[in-house]
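Below, each chain spelled out in residue letters.
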Amino acid sequence: MPTFAYKARNGGGNLIEGTLEGGASSAVADALLGQGLTPVEIRETKSRAAKTSSGWKAPVFRQKVGHIDLLLFSRQIHTLLKAGVPIMRALSGLQDAAINPEMKRVIGEVRESLESGRELSQALARHPRVFSPFYLSMVRVGEATGLLEEIFYRLFEHLEFERYMREQVKSALRYPMFVVLAMAVAIVVVNIFVIPAFAKVFAGFGAELPFMTRLLLGFSNFMVEYWPIMLAAVSGAVLAFRAWVGTAAGRYAWDRISLSIPIAGKILHKAALSRFSRSFSLGMRSGVPVMQALSNSAHTVDNSYVQRCVEGMRENVERGESLLRAAISAGIFTPVVLQMVAVGEESGAVDDMMNEIGDMYRQEVEYELKTLGQQIEPILIVLLGIMVLILALGIFLPMWDLGKVALKR
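Working note: a packed helix pair is described by the angle between its axes plus the distance between those axes. At a closest axis distance of 10 Å, the pairing of helix 2 (residues 67–82) and helix 3 (residues 87–97) adopts a crossing angle of 140°. Between helix 2 and helix 3, the angle falls in the class oblique. Taken as a pair, helix 2 and helix 3 cross one another with a handedness that is right-handed. Residues Phe73, Gln76, Ile77, Leu80 and Leu81 of helix 2 lie in contact with helix 3, whose contacting residues are Ile87, Ala90, Leu91 and Leu94.

This brings us to the confidence of the model for the protein. Per-residue confidence for the protein averages 80 on the pLDDT scale, and 89% of its residues sit at or above 70. Across residues 47–60 the pLDDT falls below 50, and counting only partners more than four positions away or on other chains, this stretch makes seven contacts in the model.

Turning our attention to empty space enclosed by the protein. Summed over the entire model, instances satisfying the criterion amount to two cavities of 30 Å³ or more. Here the largest cavity is characterised by a volume of approximately 40 Å³. In this structure, the largest cavity is lined by Phe276, Phe280, Met313, Leu323, Ala327, Phe333, Val337, Val341 and Met354. Breaking the lining of the largest cavity down by element, the ones donating at least two residues are helix 10 (264–285), helix 13 (323–330) and helix 14 (335–347). Of the residues contributing to the lining of the largest cavity, the split by class is nine nonpolar, no polar and no charged.

This paragraph deals with the environment of Phe73. Relative to the helices and strands, Phe73 is located in helix 2. By relative accessible area, Phe73 is classed as buried at 4%. Dropping the residues within four chain positions of it, Phe73 is found in contact with Leu91, Leu94, Met103, Ile107, Phe131, Tyr135 and Phe152.

Turning to the environment of Leu268, a few remarks are in order. With respect to the secondary-structure elements, Leu268 resides in helix 10. Beyond its immediate stretch of four places on either side in the chain, Leu268 contacts Ser258 and Leu259.

On to the packing of aromatic side chains. Applying the stated criterion across every chain yields a total of eleven aromatic pairs. Between Phe73 and Phe152, the ring centres sit 6.3 Å apart and the planes meet at 85°, which makes this aromatic pair edge-to-face. Here the residue Phe73 occupies a position in helix 2, and Phe152 occupies one in helix 7 (residues 148–203), the gap between them amounting to 79 residues. A single burial state applies to Phe73 and to Phe152, both of which are buried.

Taking burial as the measure, the seven residues of strand 1 (residues 3–9) include five buried ones, the bulk of the element. Alignment of strand 1 against strand 3 (residues 38–44), held across six bridges, turns out to be antiparallel. For Ala5, the partnering residue across the bridge sits in strand 3 and is Arg43.

Inspection of the entire model under this criterion finds 13 salt bridges. Close ionic contact of Arg111 with Glu115 constitutes a salt bridge, the shortest N to O distance being 3.8 Å. With Arg111 and Glu115 both in helix 4 (residues 101–115), this residue pair falls four residues apart, about one helical turn. You can call Arg111 partly exposed: its relative accessible area is 22%. Ionic pairing is found between Arg362 and Glu366, a salt bridge with its closest N-O pair at 3.2 Å. With Arg362 and Glu366 both in helix 15 (residues 350–370) and four residues apart, this pair spans about one turn of that helix. Take Glu366: its relative accessible area is 18%, and that puts it in the buried class. A single network of salt bridges, built from pairs that share partners, joins Lys266, Lys270, Glu364 and Glu368.

Each value, and the rule that gives it
- Residues numbered from 1 in each chain as written.
- Predicted model: local features only at pLDDT ≥ 70, side-chain atom pairs only at ≥ 80, totals over all residues.
- Heavy atoms only, no water.
- Axes fitted to C-alpha atoms, helices over the stretch in contact; angles between N-to-C directions.
- Helix = DSSP H or I, 4+ residues; strand = E, 2+ residues; numbered from the N terminus.
- Parallel < 35°, antiparallel > 145°, perpendicular 65-115°, else oblique.
- Left-handed = near helix turned anticlockwise from the far one by under 90°.
- Contact = heavy atoms within 4.5 Å.
- pLDDT = per-residue confidence, 0-100.
- 1 Å grid on protein atoms, 1.4 Å probe; cavity = no way out; pocket = protein on both sides within 12 Å on 5 of 7 lines; lining within 4 Å.
- Points joined across faces, edges and corners; volume = space filled by probe spheres on them.
- Nonpolar A, V, L, I, M, F, W, Y, C, P; charged D, E, K, R; others polar.
- Buried < 20%, exposed > 50% of the residue type's maximum accessible area, 1.4 Å probe, protein only.
- Phe/Tyr/Trp six-rings, centres within 6.5 Å; stacked < 30°, edge-to-face > 60°.
- Pairing = 2+ DSSP bridges.
- Salt bridge = Lys/Arg side-chain N within 4 Å of Asp/Glu carboxyl O.

Okay, structure coming up:
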């Protein structure tokens, strides 16, 4: 029987790691749920041979359930439940209409779990890679309050907001990335093809070349002779960086460093706080306890450093501190936000204030993204100007000196 490594959270939101034996990941998820734990990640510790029999696909070749699949699932099930369609019939219709084969399979397994007597939240928890702890917590609240269709609509709004933020970031970075890539290609082409051609001309001068020209020739010769080593070094650096970021310590360090990057850092910071504020407000409005709402919203920020700060807030609140003091101790909120949190605590409308904070950060992120091209453009122009200046000085200075010698003769 294979062994599975799992990460789960208990009722207090604490992360627990361990291993269990089971026939499949779903069986391990059931065992964890029976112990009062919510699965976060379940993975097999020993790889098994992939089966290739008809009707079954190895997990490696399965199409993943994307963000848009989950978004559509939340919206459609809200519409069906609001129209009075029973949950089993609603899931059956969604399974038939699903385009993604993996999503179709997941919905089918959820239906089977419901038919065996499990609650919807337990059925969804059998698929921790598809449904996040935040998603599962919200579904549990919907089951407890009888407002499941409203919860699914709020989850749809939350997922739509996440999708909008990602699309805005991609759109804003498309032009700068294209310019940087074009500059990199130009540097490679110039050093491999253009400068070596001029080197033959300079060799016939029989005179000492300027420093800038010698620098360009040396760098060009290095690229021509050692380009396999450079390519391997760059590839190795990329792989090493990805492996480092893949570790918990590396991810935390990089996420903290990324918040200090000029221009991009403040956008990432505001986007993470916007996600936290909106998800925390959504949890509070849905009746989730403060401790659980903080724990769940920490998983939505998409930044390990901010996530740890939010978890620190939860620990401080658990020790009896007010939400305001916990937010001050976190050190990630601006004075304006802290003032709004204080007003929310005094008025008993923390959920409304956190929602306003989320909207405020969202508007700031939208403005920053719209002006991102204008902020990066001067930097790109300066870099392009420096590159052209170096090439011009390195290539044309020897010709200029040669011209002056010819005029004197």
